[in-house]
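# A closer look at the structure
Residue strings, one per chain:
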Amino acid sequence: GAGVSQSPSNKVTEKGKDVELRCDPISGHTALYWYRQSLGQGLEFLIYFQGNSAPDKSGLPSDRFSAERTGGSVSTLTIQRTQQEDSAVYLCASSLSWVGGTDTQYFGPGTRLTVL
Amino acid sequence: AQSVAQPEDQVNVAEGNPLTVKCTYSVSGNPYLFWYVQYPNRGLQFLLKYITGDNLVKGSYGFEAEFNKSQTSFHLKKPSALVSDSALYFCAVSPRERAGNNRKLIWGLGTSLAVNP
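All of these numbers come straight from a predicted model, not from anything done at the bench.

Turning our eyes to something else, we now look at the overall build of chain B. A tally of regular secondary structure across chain B gives zero helices and twelve strands. N-terminal to C-terminal, the α/β element order of chain B is β-β-β-β-β-β-β-β-β-β-β-β. Once the C-alpha set of chain B is aligned to its principal axes, its extents read approximately 50 × 30 × 20 Å. The proportion of buried residues among the 117 residues of chain B is 45%.

Attention shifts here to the side chain of Q6 of chain A. All names here are of chain A. Mapped onto the secondary structure, Q6 falls in strand β1 (residues 5-7). Note on Q6: relative accessible area 10%, which makes it buried. In this structure the side chain of Q6 is engaged in a polar contact, spanning 3.0 Å, whose partner is the backbone nitrogen of C92. Within the local environment of Q6, its side chain forms a polar contact with the backbone nitrogen of G110, the two atoms lying 2.9 Å apart.

Residue and element names in this part refer to chain A. Residue placement: D86 occurs in the loop between β7 (75-79) and β8 (88-95). Look at D86 and you get buried, because its relative accessible area is 2%. Dropping the residues within four chain positions of it, D86 is found in contact with R36, R64, F65, I79, L113 and V115.

Attention shifts here to the state of the cysteines. Two cysteines form a disulfide when their sulfur atoms are joined by a covalent bond. Tallying each qualifying case throughout the model produces two disulfides over all chains. Two residues share a disulfide in this structure: C23 of chain A and C92 of chain A, whose sulfurs sit 1.8 Å from each other. Taking the torsion about the sulfur-sulfur bond, which here is approximately -65 degrees, the covalent link between C23 of chain A and C92 of chain A counts as left-handed. Of this pair, C23 of chain A sits in strand β3 (residues 19-24) while C92 of chain A sits in strand β8, and the two are 69 residues apart along the sequence. You'll find C23 of chain A and C92 of chain A in the same group, each marked buried. For C23 of chain B, the disulfide goes to C91 of chain B, at an S-S distance of 2.0 Å. Here the S-S torsion is close to -65 degrees, and the disulfide linking C23 of chain B with C91 of chain B is therefore left-handed.

All names here are of chain A. β8 sits mainly inside the fold: eight of its eight residues count as buried. Burial along β8 is two-sided: the face carrying A88, Y90, C92 and S94 and the face carrying V89, L91, A93 and S95 are both buried. The pairing of β8 with strand β10 (residues 111-115) spans three bridges and is classified as antiparallel. What sits directly across from A88, in β10, is L113. Inspection of the sheet shows β8 paired to strand β9 (residues 106-107) by two bridges, in the antiparallel sense. Of the residues in β9, the one forming a bridge with A93 is F107.

A few words on the interface of chain B and chain A. At the junction of the two partners, chain B supplies 20 residues and chain A supplies 24 residues. With both chains or domains summed, chain B and chain A bury close to 1700 Å², and 55% of this area falls on carbon and sulfur atoms. For the pair chain B and chain A, the number of links is zero salt bridges. In this assembly, chain B and chain A are joined by four residue pairs in polar contact (both at pLDDT 80 or more). Those elements that place two or more of their residues in the side of chain B that touches chain A are β5 (32-38), β6 (44-50) and β10 (87-94) of chain B. At four residues, β5 of chain B tops the list of elements feeding residues into the side of chain B that touches chain A. Here the residues of the side of chain B that touches chain A sort into eleven nonpolar, five polar and four charged.

Let's shift gears to the sheet that holds β7 of chain A. Hydrogen bonds between backbone atoms are what pair the strands of a sheet, whose relative direction is either parallel or antiparallel. Residue and element names in this part refer to chain A. Across the sheet, four strands lie side by side as β1-β3-β7-β6; this open sheet has antiparallel pairing. Across the chains shown, the open sheet's two edge strands, defined by having one partner strand only, are β1 and β6 (65-69). For this sheet the average axis-to-axis angle between neighbouring strands, irrespective of direction, equals 15 degrees. Relative to β3, β1 runs antiparallel, the two sharing three bridges. When the sheet's bridge partners are listed, Q6 is paired in β3 with C23.

Rules used throughout
- Residues numbered from 1 in each chain as written.
- Chains lettered and ligands numbered in written order.
- Predicted model: local features only at pLDDT ≥ 70, side-chain atom pairs only at ≥ 80, totals over all residues.
- Heavy atoms only, no water.
- Helix = DSSP H or I, 4+ residues; strand = E, 2+ residues; numbered from the N terminus.
- Buried < 20%, exposed > 50% of the residue type's maximum accessible area, 1.4 Å probe, protein only.
- Polar contact = N/O pair within 3.5 Å; in protein donor to acceptor, adjacent residues only side chain to side chain.
- Contact = heavy atoms within 4.5 Å.
- Disulfide = S-S within 2.5 Å.
- Pairing = 2+ DSSP bridges.
- Buried area = accessible area lost by both parts, 1.4 Å probe.
- Salt bridge = Lys/Arg side-chain N within 4 Å of Asp/Glu carboxyl O.
- Nonpolar A, V, L, I, M, F, W, Y, C, P; charged D, E, K, R; others polar.
- Axes fitted to C-alpha atoms, helices over the stretch in contact; angles between N-to-C directions.

Now the structure itself:
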């Protein structure tokens with residue numbers, strides 16, 4: 001079946017512009033995660049959605065970052081007034097659920113964001 | 001603070017030799033343990049996980065990992081390395097006991113594996 005998809009695959013923007021990154025999780029997966037990976041670095045957790053529960057936004061680095069998940073499926077990560085330090089690969093993952101903590105996360109290919 | 005350590009930034013092995021990528025954790029209780037791999041210019045892929053039972057877990061592409069409770073380790077191993085195994089490997093831990101809304105995986109910083117022909 002189809003995996004997690006993300007669009008665009010690459011995004012180049014100018015400092016100060018807003019960007020929207022999209023994630024399509026695997027059908028039926030109730031948990032969705034956004035991560036950021038800077039060059040040569042590990043994964044930085046940004047936000048987590050689980051079903052209809054309130055999202056865990058504890059990883060968002062500033063109020064310029066926001067995310068929503070519509071209808072329990074597609075998610076959009078929005079970065080307002082982009083800064084050069086926002087340049088990174090943004091990864092989305094989904095899992096069947098996260099109630100027990102054992103479900104595998106499946107990752108999309110990522111969106112490479114470059115802020116000039 | 002709970003943490004995951006991958007003590008080696010880079011591991012180099014010759015093709016055909018056994019490989020080990022190390023992971024240790026500092027998490028209370030008996031956590032769930034995961035390994036993921038990231039091939040160049042690609043997203044992360046799941047390799048294997050330990051939930052319960054046999055301490056030796058077998059996963060994709062001939063990889064295995066051994067859970068060692070006393071050493072709080074979950075090292076990734078493969079008996080015979082391939083050049084195509086060259087990639088970035090991440091260890092991640094999910095605590096069994098959760099406080100509040102803490103449902104995030106705790107990730108190591110990754111180990112770059114280079115298999116030389």
